[in-house]
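Descriptive analysis of the structure
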Amino acid sequence: EKSQDCMYLQYCKVCQSYKAPRSHHCRKCNRCVMKMDHHCPWINNCCGYQNHASFTLFLLLAPLGCIHASFIFVMTMYTQLYNRISFGWSSVKIDMSAAKRDPRPIIPFGLSAFAASLFALGLALGTTIAVGMLFIIQMKVILTNKTSIESWIEEKAKDRIQYYQTGETFIFPYDMGSKWKNFKQVFTWSGIPEGDGLDWPVRDGCHQYSLTIEQLKQKADKRVRSVRYRAIEDYSGVCCPVTKGVKTLFTTPCSEEPRIALSKGDLILATRGLNHWMYGEKILDSAADGAIRERGWFPRKCVEKCQYDSETDQPVDGEKKNR
């Protein structure tokens, strides 16, 4: 409604528009998602404003269904094995060929059926634990009226303030201070979440753009602290490169984030890194400003540090002194 508010918003170069508060661009869906929590490959969609409640209920009902299945598997194996076990004075024998007390079971239960039931029981228990943990994590962020991305933004805000010792205090604007009020922001009787996904109720002392202003500060800090590298070897962009060394092969990042292909002479702006891998964005020519940004992981041995290590072309020593 107010054009001057654009200075508080992030601009998406892919969608060619401003992002609404709490929105993020998903590389998999190739669109900006309102109140994005994460991209879930199991539902082949993003978890966000419209389906956050449905996704959380899915995380609750899936373990309950697996618990029900586990009970059926356990009782089935117990009943079938009980009819096939004979106890002797010196040993216990199990005859899987036929039941001793019930010669005609409704469903034939042999050795293969027992192995399949045992395997299915393991899958059901594993799913119960894994998805149950995801449900607990989702409920924690919902009761504070956050998303997984916003929890990470809040952590980075604390690190930024502590690093620069600015003395400011970051208050997450969407936490209503009551778990019940935060719960009602997501779960409603109608199934339709409150609001329109663009404007959100905020707590006292905050306004609609408190979070986006913090994100802009973090992006500016990220550009200052990023380091420029030049590619000295070609890299095809494969997940596990065999020709880049054994350590590089076995320490590949366990992440869904992409790898970027490099050609000798390419410039990369690195923002974070591991012992043998780095993450950054390829610096494109000015003529390609409208192109899609190329960001991802690449082997550390394929690049070397440029003479100037920041995006502002400040010398290494001088840049650190300015901090």
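A quick note: this is a predicted structure, and the numbers were derived from the prediction, not measured.

Calculation notes
Residues numbered from 1 in each chain as written. Predicted model: local features only at pLDDT ≥ 70, side-chain atom pairs only at ≥ 80, totals over all residues. Heavy atoms only, no water. Helix = DSSP H or I, 4+ residues; strand = E, 2+ residues; numbered from the N terminus. Contact = heavy atoms within 4.5 Å. Areas by Shrake-Rupley, 256 points an atom, 1.4 Å probe, with all protein chains shown as cover. Pairing = 2+ DSSP bridges. Axes fitted to C-alpha atoms, helices over the stretch in contact; angles between N-to-C directions. Salt bridge = Lys/Arg side-chain N within 4 Å of Asp/Glu carboxyl O. Buried < 20%, exposed > 50% of the residue type's maximum accessible area, 1.4 Å probe, protein only. pLDDT = per-residue confidence, 0-100. Phe/Tyr/Trp six-rings, centres within 6.5 Å; stacked < 30°, edge-to-face > 60°. Lys NZ or Arg CZ within 6 Å of the ring centre and 35° of its normal. UniProt positions renumbered as here; feature names shortened; annotations may be inferred. Core = buried A, V, L, I, M, F, W, Y, C linked by side-chain atoms within 4.5 Å. Patch = residues over 30% accessible without salt bridge, like charges linked within 9 Å, V, L, I, M, F, W, Y side chains within 5 Å. Lys, Arg positive; Asp, Glu negative; His and termini not counted. Charge placed at Lys NZ, Arg CZ, Asp CG, Glu CD.

1. Focus on the overall build of the protein chain
A tally of helices and strands in the protein chain yields seven helices and 13 strands. Taking the intrachain contacts of the protein chain between residues at least 6 apart in sequence as the baseline, contacts between residues at least 24 apart amount to 58%. Summed over all atoms, the accessible surface of the protein chain reaches about 20100 Å², with 59% contributed by carbon and sulfur.

2. Side note on the sheet that holds strand E11 (residues 277-282)
Judged by pairing direction, the sheet is antiparallel, and its five strands sit side by side in the order E12-E11-E10-E9-E13 without closing on themselves. In this open sheet, the two edge strands, each paired with only one partner strand, are strand E12 (295-299) and strand E13 (303-305). For this sheet, the mean inter-axis angle between neighbouring strands, taken without regard to orientation, is 45 degrees. Of the strand pairs in this sheet, strand E9 (residues 227-231) and strand E10 (residues 267-273) are connected by four bridges, and their pairing is antiparallel.

3. Some words on the pattern of salt bridges
If you walk through the whole model with that rule in mind, you get 10 salt bridges. Where Glu-150 meets Arg-22, a salt bridge forms, and the shortest distance between an N and an O atom there is 2.7 Å. With Glu-150 in helix H3 (residues 148-164) and Arg-22 in the loop between strand E2 (17-18) and strand E3 (24-26), the pair connects residues that are 128 residues apart, well separated along the chain. No difference in accessibility class separates Glu-150 from Arg-22, as the two residues are buried. With a closest N to O distance of 3.2 Å, Glu-294 and Lys-282 form a salt bridge. With Glu-294 in the loop between E11 and E12 and Lys-282 in strand E11, this pair connects stretches of sequence that are 12 residues apart.

4. Looking at the side chain of Glu-150
What makes Glu-150 buried here is its relative accessible area of 0%. Residues contacting Glu-150, with those up to four places away along its chain left out, are Arg-22, Asn-145, Phe-172 and Leu-211.

5. Structural notes on the pairing of E12
Extensive coverage of E12 is indicated by the burial of four of its five residues. The pairing of E11 with E12 spans five bridges and is classified as antiparallel. When the sheet's bridge partners are listed, Met-278 is paired in E12 with Phe-298.

6. Some details on the confidence of the model for the protein chain
Counting all residues, the mean pLDDT for the protein chain is 83, and 85% of those residues have values of 70 or more. Predicted confidence is poor over residues 315-323, with pLDDT under 50, and the contacts of this stretch with residues over four places away or in other chains come to 11 contacts.

7. What about the packing of aromatic side chains?
The full count for this structure, using the stated rule, is 10 aromatic pairs. Cluster of aromatic residues (ring-pair linked, three or more members): Trp-180, Phe-183 and Phe-187. One cation-aromatic arrangement involves Arg-22 over Tyr-174; the distance from NZ or CZ to the ring centre is 4.2 Å. Over the ring of Phe-172 we find Lys-146, and its NZ or CZ is 5.4 Å from the ring centre.

8. Section: the pairing of E9
Within E9, four of the five residues are buried, which leaves it mostly tucked inside the rest of the structure. As defined by bridge partners, E9 adjoins E13 across three bridges and the pair is classed as antiparallel. Counted as the bridge partner of Arg-230 is Glu-304 from E13.

9. Side note on the UniProt feature "transmembrane region" (unreviewed entry) in the protein chain
Here the UniProt feature "transmembrane region" (unreviewed entry) sits at residues 57-78 and 106-137. Its end C-alpha atoms 32 Å apart, residues 57-78 is made of 100% helix and 0% strand.

10. Looking at the nonpolar core
Core analysis: the biggest nonpolar cluster contains 15 residues, and Tyr-229, Tyr-235, Leu-262, Ile-268, Met-278, Phe-298 and Val-303 have the highest contact counts within it. Contributions of two or more residues to this core are made by E9, E10, E11 and E12. Excluding its chain neighbours within four sequence positions, the residues that come into contact with Ile-268 are Val-227, Arg-228, Tyr-229, Ala-231, Leu-262, Gly-280, Glu-281, Lys-282, Ile-283, Phe-298 and Val-303. Core analysis: the second largest hydrophobic core is formed by nine residues, Tyr-49, Ile-153, Phe-170 and Trp-200 among them.

11. What about a positive patch on the surface?
Together, Lys-13, Lys-156, Lys-219, Lys-222 and Arg-223 make up a region of like positive charge exposed at the surface. Ranked by the residues each element gives to the positive patch, the list is headed by helix H5 (residues 210-225), at three residues. You can call Arg-223 partly exposed: its relative accessible area is 43%.

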